[in-house]
Amino acid sequence: MPAIALLSAVFVVGFEQIVQWKFGATGIIGLLLISIGIKAKKPAISSIGAVMLALLVTGPAL
């Protein structure tokens, strides 16, 4: 069980670093809003975070 928790933590930290490197602080804020919305069971907050990330990904294409 501790190996799964360690592997999961490494994956989350790695993913967070990739988002920070590629999308900057706004990407981390969007990711944070998604996670807070899921934990608090507030779909509006997680939707705002998802929209932020979607705008960051599609921003250059628009």
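You'll find the structure just up there.
Procedures and definitions
Residues numbered from 1 in each chain as written. Predicted model: local features only at pLDDT ≥ 70, side-chain atom pairs only at ≥ 80, totals over all residues. Heavy atoms only, no water. Helix = DSSP H or I, 4+ residues; strand = E, 2+ residues; numbered from the N terminus. Rg over C-alpha atoms; globule rule 2.2 N^0.38 Å. Buried < 20%, exposed > 50% of the residue type's maximum accessible area, 1.4 Å probe, protein only. Contact = heavy atoms within 4.5 Å. Areas by Shrake-Rupley, 256 points an atom, 1.4 Å probe, with all protein chains shown as cover. Patch = residues over 30% accessible without salt bridge, like charges linked within 9 Å, V, L, I, M, F, W, Y side chains within 5 Å. Salt bridge = Lys/Arg side-chain N within 4 Å of Asp/Glu carboxyl O.

1. Quick word on the overall build of the chain
Okay, so step 1: Tallying secondary structure elements over the chain gives two helices and zero strands in all.
Okay, so step 2: Its C-alpha radius of gyration of 13 Å places the chain more than 25% over the 11 Å reference for a compact globule of 62 residues.
Okay, so step 3: Expressed as lengths along the three principal axes of its C-alpha atoms, the size of the chain is roughly 45 × 30 × 15 Å.
Okay, so step 4: Here the chain holds 62 residues, and 13% of them are scored as buried.
Okay, so step 5: For the chain, the share of sequence-separated contacts (at least 6 apart) that also reach a separation of at least 24 residues comes to 19%.
Okay, so step 6: Put simply, the chain shows about 4800 Å² of open surface, and 78% of that area lies on carbon and sulfur atoms.

2. Quick word on a nonpolar patch on the surface
Okay, so step 1: Residues Phe 11, Val 12 and Phe 15 make up a contiguous nonpolar surface patch of roughly 320 Å² in combined accessible area.
Okay, so step 2: Mapped onto the elements, Val 12 comes out in helix α1 (residues 2-40).

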